[in-house]
Amino acid sequence: MDTPIVKLPPVITHQQTEALRKKFKALFDKKQFSPSVEFDFQEVERMDSAGAIFIQNLRSDLEKNNVEVIWTNLSPGIKRTLKLFKRPVPPVFKSEKKNFFEKIGETGYNLSKYFAESILLFSNIGYWSFLGFFRPGLRRKGEVVNQGVLIGVNALPIVALIAFLIGFILALQSAAQLRQFGANIYVADLIAIAMVSEMGPLITAILVAGRSGSAITAEIATMKVSEEIDALTVMGVDPVPYLIVPKLYAIIITLPLLTVFANIIGITGGAVIGVTYLDINFVAFFKEVFTVLRYKEIFTGLIKSFSFSIIILLTATYFGFRVKGGAEGVGRVTTASVVASIFFVIVADSILGLIFYFGESAF
Amino acid sequence: MNEPIIEVQHLISGYDERVVLDDISFDVVPGEIMVVLGTSGCGKTTLLKHLIGLLQPFSGSITLLGHDLLRLSEAESIKLMRHIGVLFQNGALLNSITVAENVAIPLEQHTNLTTGLIRDLVYLKLELVGLKSAAPLLPSELSGGMRKRAALARAIALDPKILFADEPAAGLDPVTAASLDQLLLKLRDLLGMTLVVVTHEVGSIKRIADRVLFLHEGKALFFGKLSDALKSHLEPVRNFFNP
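It should be emphasised that the depicted structure is a prediction, and the values quoted were computed from it without experimental measurement. (Residues numbered from 1 in each chain as written. Chains lettered and ligands numbered in written order. Predicted model: local features only at pLDDT ≥ 70, side-chain atom pairs only at ≥ 80, totals over all residues.)

A.B. asks: Explain the overall build of chain A to me, please; I cannot follow it from the model alone.
C.D. replies: When its secondary structure is counted, chain A shows twelve helices and five strands. Buried residues in chain A amount to 34% of all 363 residues. Summarising the internal contacts of chain A: among those between residues at least 6 apart in sequence, 88% fall at separations of at least 24. (Helix = DSSP H or I, 4+ residues; strand = E, 2+ residues; numbered from the N terminus. Buried ≥ 20, exposed ≤ 12 C-beta atoms within 10 Å, placed from the backbone. Contact = placed C-beta atoms within 7 Å.)

Here you go:
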């Protein structure tokens with residue numbers, strides 16, 4: 001059997017190789033058993049790296065099938081190109097695959113490490129938050145007020161809007177049920193208790209976690225990535241009392257205040273439904289609100305929101321300090337921080353709710 | 001000498017009302033390394049941005065590979081850009097994907113090669129710049145010099161005819177900078193590429209330049225062979241080489 005001769009086109013670049021591959025595939029299906037193939041490079045003028053590798057891959061594929069490959073009429077330029085763009089041997093990277101026990105061990109080790117890190121940071125913050133109270137010189141000047149505006153005052157509009165809508169919709173949903181029993185006035189009781197002891201602290205904390213928790217994480221993470229934290233440390237300025245403690249004071253003061261504000265707006269939202277939909281007198285509604293609210297509800301709500309403020313700040317700073325890598329690392333820890341702080345806020349809310357409910361006799 | 005591969009005539013350009021480049025004319029012939037040099041703020045990077053079509057000049061003409069860059073439609077200029085590689089000042093590697101995936105971007109976007117062939121090509125280019133072992137790493141795990149070399153591998157992924165390099169030696173130590181210059185020379189000799197390099201590192205210029213274009217206060221003060229530039233009696237040029 002004769003050796004089939006394949007004439008190669010004048011230009012073999014990345015634009016042509018795919019067409020050539022299809023063409024040759026058809027060619028070799030028919031001549032599968034031919035013992036040798038000759039490639040004629042007579043007309044080839046230009047070949048780029050993609051073309052060179054393609055030609056060489058073709059050769060090694062054919063040789064694997066015991067077909068002898070002959071290259072003829074190679075011009076010096078083409079020879080050089082083929083020599084230069086040799087098929088690379090793909091490097092072997094040792095596989096990173098871990099077995100089951102290694103994975104468990106790694107997870108456990110990481111968790112204990114994170115736990116130790118967080119305890120270290122939190123005790124550090126706790127220490128400085130007491131000591132820093134008596135030594136205002138350690139803080140950045142005017143930072144508590146500044147942060148208070150950022151975390152608290154600037155959040156007023158969105159907190160008001162959300163609280164109003166929550167109170168409004170809570171009243172609307174319960175009104176439909178209470179109406180069946182003619183218990184219209186109890187909408188006021190329901191809204192008052194629900195807002196003050198549960199919804200007010202919770203939604204305010206979630207909003208602030210999303211708004212300011214993310215901002216705090218991003219700020220600290222950016223400062224860490226751009227070595228600003230290191231710069232502060234070598235200047236002899238401890239970043240915790242300088243940066244974190246003012247934020248802690250600001251959020252501890254503003255979050256309960258925001259919660260009180262949200263409670264009032266939320267109850268007003270409920271009152272709107274009470275007045276317009278259930279025909280309750282506005283004065284009667286608020287009279288009912290003030291009879292049903294005890295100090296206990298108000299205090300538990302404030303204790304909750306005080307705890308949430310600390311949780312939000314600690315989570316945000318912890319994730320901020322944990323940043324690795326560059327700009328994309330900042331994005332990653334910020335996302336993680338918001339998710340974690342909302343999670344912890346809700347967990348803490350459940351725990352505190354249980355304590356206050358079953359520990360009622362203690363109050 | 002062959003036909004010039006890049007030809008710039010009477011280029012005037014700037015930002016808003018401020019003229020940055022004032023009547024620049026030069027040409028680049030295939031296979032040479034043209035170095036654009038000058039002190040900081042003289043318009044080097046602006047000129048480079050014109051050559052790769054990122055900025056529009058006030059007037060003048062730029063001819064690249066026989067096409068008038070200023071009269072091309074969007075689609076035509078994208079086609080033309082495939083014959084051009086650009087090495088950005090900080091590498092401009094995408095940070096979220098590995099080095100190998102970075103190098104594969106132009107191949108995946110502009111060719112219909114098979115996955116296996118693309119993988120081979122990626123390793124080939126990484127081997128040319130000496131970074132094959134760094135293929136599975138993220139750009140943030142590389143040192144400055146490695147990042148530049150990875151960016152170079154990406155720039156030459158499609159075998160460009162012209163490679164533009166913006167400050168390839170900036171921010172690198174002398175040894176790494178020298179090895180990067182050697183790499184550029186090697187690529188020019190092996191692949192027959194034409195290089196336009198913007199730099200202000202005298203050592204780098206002396207190593208790689210065939211011809212230099214000296215920009216001074218927006219004007220092309222000197223254009224010619226490197227050896228002539230070193231002997232030049234023009235005050236700014238002399239000060240530049242012998243500070």
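Next comes the rest of the account.
A.B. asks: Where do I start with the packing of helix 5 (residues 144–155) of chain B against helix 6 (residues 174–191) of chain B in this structure?
C.D. replies: Residues and elements named next belong to chain B. For the pair helix 5 and helix 6, the least separation of the axes is 10 Å and the interaxial angle reads 15°. Of the possible angle classes, the one that applies to helix 5 and helix 6 is roughly parallel. Between helix 5 and helix 6 lies a crossing of right-handed hand. Of the residues in helix 6, those in contact with Gly 145, Lys 148, Arg 149 and Leu 152 of helix 5 are Thr 176, Leu 180 and Leu 183. Its residues assigned to classes, the contact of helix 5 with helix 6 shows three nonpolar, two polar and two charged. (Axes fitted to C-alpha atoms, helices over the stretch in contact; angles between N-to-C directions. Parallel < 35°, antiparallel > 145°, perpendicular 65-115°, else oblique. Left-handed = near helix turned anticlockwise from the far one by under 90°. Nonpolar A, V, L, I, M, F, W, Y, C, P; charged D, E, K, R; others polar.)

A.B. asks: Help me understand the interface of chain A and chain B in this model?
C.D. replies: Interface size, as often reported, equals the accessible area lost upon joining of the parts. At the junction of the two partners, chain A supplies 19 residues and chain B supplies 20 residues. Elements with a contribution of two residues or more to the side of chain A that touches chain B: helix 1 (17–30) and helix 2 (49–64) of chain A. By residue number, the principal contributor to the side of chain A that touches chain B is helix 2 of chain A, which donates five residues. Each residue belonging to the side of chain A that touches chain B can be placed in one class, and the counts come to nine nonpolar, six polar and four charged.

A.B. asks: Help me out: how do you make sense of the sheet that holds strand 4 (residues 59–64) of chain B in this one?
C.D. replies: Consider a sheet: its strands pair through backbone hydrogen bonds, and that pairing is either parallel or antiparallel. Residue and element names in this part refer to chain B. With antiparallel pairing, the four strands of this open sheet are ordered in space as 2-1-4-5. Of all strands in the sheet, those bounded by a partner on one side alone are strand 2 (18–28) and strand 5 (67–68). When strand 4 meets strand 5, the two strands line up antiparallel, connected through two bridges. Each residue of the ladder has a partner; that of Leu 64, found in strand 5, is His 67. (Pairing = 2+ DSSP bridges.)

A.B. asks: I'm lost on the pairing of strand 3 (residues 33–37) of chain B in this one. Help?
C.D. replies: Put simply, side chains in a regular strand alternate between the two faces of the sheet. Residue and element names in this part refer to chain B. Counting buried positions along strand 3 yields five of five residues, so the element is predominantly enclosed. Of the two faces of strand 3, the one holding Ile 33, Val 35 and Leu 37 and the one holding Met 34 and Val 36 are both buried throughout. Note that strand 3 and strand 8 (residues 194–198) share four bridges and pair parallel. Directly across from Met 34, in strand 8, lies its bridge partner Val 196. As judged from the four bridges shared by strand 3 and strand 9 (residues 211–216), these two strands associate in the parallel manner.

A.B. asks: What should I look at first to understand the environment of Phe 285 of chain A in this one?
C.D. replies: Residue and element names in this part refer to chain A. Relative to the assigned elements, Phe 285 resides in helix 10 (residues 282–292). Assessed through the 25 C-beta atoms surrounding it within 10 Å, Phe 285 is described here as buried. A C-alpha to C-alpha distance of 7.4 Å links Phe 285 and Gly 274, two positions eleven residues apart in sequence.

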